[in-house]
Amino acid sequence: MPPNPTILVIDDEEVVLDACTQVLASGSCQVCTAGNGAEGLLRLEEVQPDLVFVDLKMPGLSGLEVLEKIRAKHPRMVVIVITGYATVSSAIEAMKKGAFDFLPKPFTPDELRLIARRGLEHHRLVQQTLSLRREQEMLRENFAAIVSHELKSPLGALQQNLYVLVAELDEQLSPDQQQRFARLQTRLEDLLKLIHSWLRVFSVDINKLKETFQPTALAEVVAKAVESVQPHATRKGISIEPTVTEPLPLVNGDAGSLAEVVVNLLNNAVKYSFPDRPIQVRADAANGQVRIAVTDRGVGIAKEDLPHLFQDFARGHTQPEGVSGCGLGLAISRRIAEVHGGSISAASEPGQGSTFTLSLPAVAAAADSPPSPNSERKV
Ligand SMILES: Nc1ncnc2c1ncn2[C@@H]1O[C@H](COP(=O)(O)OP(=O)(O)OP(=O)(O)O)[C@@H](O)[C@H]1O
Ligand SMILES: [Mg+2]
């Protein structure tokens, strides 16, 4: 309960107002009263109560009308309706309109105290949830700001200086020293990549992407993504086999971010797979959606992990030895898919492999589609 809660009681019966004042004020509550609906609404704005009791049957503005007006202006205000036995059905209607509970007349002091305590507890929980949500938002924003200003810039400068230093010292460095510098550069690049990922997750600005949306051909997106992951796959002895089923409609989107999604899916497919097991990338269209499916024949995903993989920092239980990651790739990919009005899903058989499918709403038929429908083309 809030420390000194304020309760507003709106009722046209003097005797009810007196009884409520006596019973509730004997706790640590402040009780304000109003003899009709219009006065009640004025008092409500003045005192901003933590809980409101309102009689359903009053001359002038009825309790239901008062409830509606309160809910319209203060949707989180906790309102309990007081009702006679004859009007239980309207009490139910009031509950449907957002009343927290109803108190039938006549009521005992204990019944009044009990329902008031429950109403105030509900109010406290609502306020707590709101303030937690606000805190979370602030944390997100602050985190993004701290990471970008306090870490990203100095690390970027460090990286630049390192490049210059290595270039200047080139001749004088022993092979061992060159290797150490190379490792230093790789670690710095990893760190900057990680910061970039964090910023993508925590910045609330993903919606800004929409400003750059334009009709985009996914065949090109797939080709770019494959090109960027290919060296990594080749090092692991894995081939990537893309197939585009034409005609492939365009989607409205940001090509760079969509390529990032496909790169994330491909990187995972390589990371969680084995040498000599090819990865398939299929792009096709069905039911107004364009889909890109990445299928591997790797370690697969445990059933209990599947529903959580797209959450921030989530990692599955079937991690091959020596594989590292921070559990952000899929979370970022989901956000990018959703900002495009699309979705991303996973299906897997542990030990057999996984398929991740990105679905996006199609906007138009591709201008350069070949004449024969549903012809397949390797990219
Ligand atoms: N193709 C896949 N096969 C098996 N497991 C996968 C696959 N893709 C994702 N996972 C599981 O989902 C988890 C989350 O993937 P996600 O890409 O978000 O993070 P990550 O790969 O661990 O790290 P990073 O943020 O560096 O990408 C992984 O840790 C892994 O357990
Ligand atoms: Mg990943």
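The coordinates are above.
Cut-offs used in this document
Each chain carries its own residue numbering, running from 1 in the written order of its sequence. Chain labels run from A onward and ligand labels from 1 onward, assigned in the order the entries are written. Totals for whole chains, interfaces and linings use all residues, but because this is a predicted model, local features are given only for residues with pLDDT of at least 70 and pairs of side-chain atoms are given and counted only at 80 or more. Side-chain descriptors were evaluated using all non-hydrogen atoms of the structure, hydrogens and water having been removed beforehand. Following DSSP output, two strands are said to pair if at least two bridges run between them. Secondary structure elements are taken from DSSP: a helix is a run of H or I of four residues or more, a strand is a run of E of two residues or more, and numbering for both begins at the N terminus. To obtain an axis, a line is fitted to C-alpha atoms, over the contacting stretch when the element is a helix, and the angle between two such axes runs from 0 to 180 degrees between their N-to-C directions. By the convention used here, residues are in contact when the closest approach between their heavy atoms is within 4.5 Å. Within 3.5 Å is the distance limit for a polar contact, defined as a pair of N or O atoms, with the added protein rule that one can donate a hydrogen and the other accept it, and that residues adjacent in sequence qualify only through two side-chain atoms. What makes a nonpolar core is a set of buried Ala, Val, Leu, Ile, Met, Phe, Trp, Tyr and Cys residues whose side-chain atoms join them at distances within 4.5 Å. To sort residues, take the accessible area from a 1.4 Å probe on protein chains only and compare it with the maximum for the residue type: under 20% means buried, over 50% means exposed, and anything in between is partly exposed.

Turning our eyes to something else, we now look at the sheet that holds strand 4 (residues 79-83). Here we have five strands laid out as an open sheet, ordered 2-1-3-4-5, and parallel in their pairing. Because the sheet does not close on itself, it has two edges, and the strands there are strand 2 (30-34) and strand 5 (101-104). Going across the sheet, the axis of each strand differs from the next one's by a mean of 20°, ignoring polarity. Bridge analysis of strand 3 (residues 51-55) against strand 4 gives four bridges, and the strand direction is parallel. Following the sheet pairing, Phe 53 is matched in strand 4 by Ile 80. Across the face of the sheet, helix 3 (residues 63-73) comes into contact with strand 1 (6-10), strand 3 and strand 4 while running at roughly 150° to strand 3. Along the sheet, helix 4 (residues 88-96) makes contact with strand 4 and strand 5, crossing strand 4 at roughly 170°.

The topology assignment puts Asp 55 in strand 3. Looking at Asp 55, its side chain comes within polar contact range of the side chain of Lys 105, at 3.4 Å. Every residue in contact with Asp 55, bar those within four places of it in the chain, is listed here: Ile 10, Asp 11, Asp 12, Gly 63, Ile 82 and Lys 105.

A few words on the nonpolar core. Ranked by internal contacts, the top residues of the largest apolar core, which has 44 residues, are Leu 218, Leu 266 and Ile 292. Mapped by element, the contributors of at least two residues to this core are helix 7 (218-235), strand 7 (240-245), helix 8 (255-271), strand 9 (279-286), strand 10 (289-296), helix 9 (329-339) and strand 12 (353-364). Among the elements that line this core, the one with the most residues is helix 8, at nine residues. Apart from the residues lying within four places of it in its own chain, the contact partners of Leu 218 are Leu 248, Val 251, Leu 258, Val 290, Ile 292 and Leu 360. Judged by nonpolar contacts, the second largest core, of 20 residues, contains Cys 32, Leu 67, Val 81 and Ala 99.

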